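Spelled out from the first residue to the last, the chains are:
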Amino acid sequence: NSKVIQTPRYLVKGQGQKAKMRCIPEKGHPVVFWYQQNKNNEFKFLINFQNQEVLQQIDMTEKRFSAECPSNSPCSLEIQSSEAGDSALYLCASSLRGEQYFGPGTRLTVL
Amino acid sequence: LAKTTQPPSMEAYEGQEVNVSCSHTNIATSEYIYWYRQVPHQGPQFIIQGYKDYVVNEVASLFISADRKLSTLSLPWVSLRDAAVYYCIVTDRSSGSWQLIFGSGTQLTVMP
């Protein structure tokens, strides 16, 4: 069973508001991933880190999304100005050797 | 774009063995095969991974064809708790970023 912790489980924001969610990866896992799963259950990779460094991110992430994984603190994903299309389940996963272990996700609803 | 093809849905009765197939005809030599499943309101759960031949763990077994273009996830004695969407994913974990590209998956329905 995954030990990835994500908070909050549910987040409701108005359009234009900031939305911030956090993830505590499994202990000892150096790589952290963020994915977005929309209402059609389609997954989109957003960004990943190895320790505190960004490995890869998509263009969308570079514009309104920001993420960090500081040492000794939870990782975070923040949407600077939420849009209705950002409503989705945001999943954090961590990895040691290849397989990824997912948290339960943060369900973001943008009104 | 997902690199795998799976049946969209399957049905089984409790206690049956279920075999979920996955086609990955363009799999690269550096890519591994991963299976995950997801139930509503939860994140995907890792089930098993493999590169070739046959892999087994306490949850499932995975058979990979000799040419690695087809894999089959086998779930023995399914229960209602095994009802989920099952995803077959191929990815190159040597690249360092190894993001997962999920397809549509196979919706497994388990009937009592």
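Scroll up to find the structure.
Residues numbered from 1 in each chain as written. Chains lettered and ligands numbered in written order. Predicted model: local features only at pLDDT ≥ 70, side-chain atom pairs only at ≥ 80, totals over all residues. Heavy atoms only, no water.

Asker: How should I be thinking about the state of the cysteines in this particular structure?
Answerer: In protein structure, a disulfide is the covalent linkage between the sulfur atoms of two cysteines. In this structure the tally under the stated criterion is three disulfides over all chains. With a sulfur-sulfur separation of 2.0 Å, C69 of chain A is cross-linked through a disulfide to C75 of chain A. Between C69 of chain A and C75 of chain A the disulfide shows an S-S torsion of about 110°. By sign, it is right-handed. Per residue, the accessibility class of C69 of chain A equals that of C75 of chain A, and both read buried. Disulfide partner of C22 of chain B: C88 of chain B, at an S-S distance of 2.1 Å. With the S-S dihedral at roughly -80°, the linkage between C22 of chain B and C88 of chain B falls on the left-handed side. (Disulfide = S-S within 2.5 Å. Buried < 20%, exposed > 50% of the residue type's maximum accessible area, 1.4 Å probe, protein only.)

Asker: For this particular structure, what's the right way to read the pairing of strand β7 (residues 65-68) of chain A?
Answerer: Within a regular strand, side chains alternate between the sheet's two faces. All names here are of chain A. As defined by bridge partners, β7 adjoins strand β8 (residues 75-79) across four bridges and the pair is classed as antiparallel. If you follow A67 over to β8, its bridge partner there is L77. Connecting β7 to the antiparallel partner β8 that follows it, the hairpin turn spans six residues, and N72 within it adopts a positive phi of roughly 60°. (Pairing = 2+ DSSP bridges. Helix = DSSP H or I, 4+ residues; strand = E, 2+ residues; numbered from the N terminus.)

Asker: Honestly, the interface of chain B and chain A in this entry has me stumped. Any pointers?
Answerer: Many structure descriptions define interface size as the accessible area lost when the parts assemble. Tallying the contact residues gives 18 residues for chain B and 23 residues for chain A. Between chain B and chain A, the buried area comes to about 1600 Å², and carbon and sulfur atoms account for 52% of it. Summed over the shared surface of chain B and chain A, the number is zero salt bridges. Counting across the interface, chain B meets chain A through five residue pairs in polar contact (both at pLDDT 80 or more). At the level of secondary structure, the elements contributing two or more residues to the side of chain B that touches chain A comprise β3 (32-38) and β4 (45-50) of chain B. (Contact = heavy atoms within 4.5 Å. Buried area = accessible area lost by both parts, 1.4 Å probe. Salt bridge = Lys/Arg side-chain N within 4 Å of Asp/Glu carboxyl O. Polar contact = N/O pair within 3.5 Å; in protein donor to acceptor, adjacent residues only side chain to side chain.)

Asker: Would you mind going over the pattern of salt bridges with me for this structure?
Answerer: A side chain of one charge can pair with a side chain of the opposite charge if their charged atoms are brought near each other. According to the stated counting rule, one finds four salt bridges over all chains in the structure shown. For the salt bridge of D86 of chain A with R64 of chain A, the shortest nitrogen-to-oxygen distance reads 2.8 Å. One end of the pair, D86 of chain A, is in the loop between β8 and β9 (88-95); the other, R64 of chain A, is in the loop between α1 (59-63) and β7, and 22 residues separate them in sequence. Each of the two residues, D86 of chain A as well as R64 of chain A, counts as buried. A salt bridge links D82 of chain B to R37 of chain B, with the nearest nitrogen and oxygen atoms 2.9 Å apart. With D82 of chain B in the loop between β7 (70-75) and β8 (84-91) and R37 of chain B in strand β3, the pair connects residues that are 45 residues apart, well separated along the chain.

Asker: How do you make sense of the layout of surface pockets when you look at a structure like this?
Answerer: Rolled over the atoms, a probe sized like a water molecule indicates the empty space that remains. Computed from the structure, the largest pocket encloses a volume of approximately 520 Å³. Elements with a contribution of two residues or more to the lining of the largest pocket: β10 (100-102) of chain A together with β3 and β4 of chain B. When residues in the lining of the largest pocket are grouped by element, the largest group, three residues, is from β4 of chain B. Of the residues in the lining of the largest pocket, the class split is nine nonpolar, eight polar and four charged. Taken as a whole, the second largest pocket encloses approximately 260 Å³ of empty space. Considering the residues around the second largest pocket, the lining is formed by 17 residues, among which P25, H29, P70, N72 and S73 of chain A are closest to the centre. In terms of residue class, the lining of the second largest pocket is built from eight nonpolar, seven polar and two charged. (1 Å grid on protein atoms, 1.4 Å probe; cavity = no way out; pocket = protein on both sides within 12 Å on 5 of 7 lines; lining within 4 Å. Points joined across faces, edges and corners; volume = space filled by probe spheres on them. Nonpolar A, V, L, I, M, F, W, Y, C, P; charged D, E, K, R; others polar.)

Asker: For this particular structure, what's the right way to read the sheet that holds strand β6 (residues 61-64) of chain B?
Answerer: Paired through backbone hydrogen bonds, the strands of a sheet run either parallel or antiparallel to each other. All names here are of chain B. Taken together, four strands build an open sheet; the order of strands is β2-β7-β6-β5 and the sheet is antiparallel. Each having just a single partner strand, β2 (18-23) and β5 (54-56) make up the two edges of the open sheet. Averaged over all neighbouring strand pairs, the angle between strand axes comes to 15°, with direction disregarded. One ladder, built from six bridges, connects β2 with β7; its direction is antiparallel. If you follow V18 over to β7, its bridge partner there is L75. (Axes fitted to C-alpha atoms, helices over the stretch in contact; angles between N-to-C directions.)

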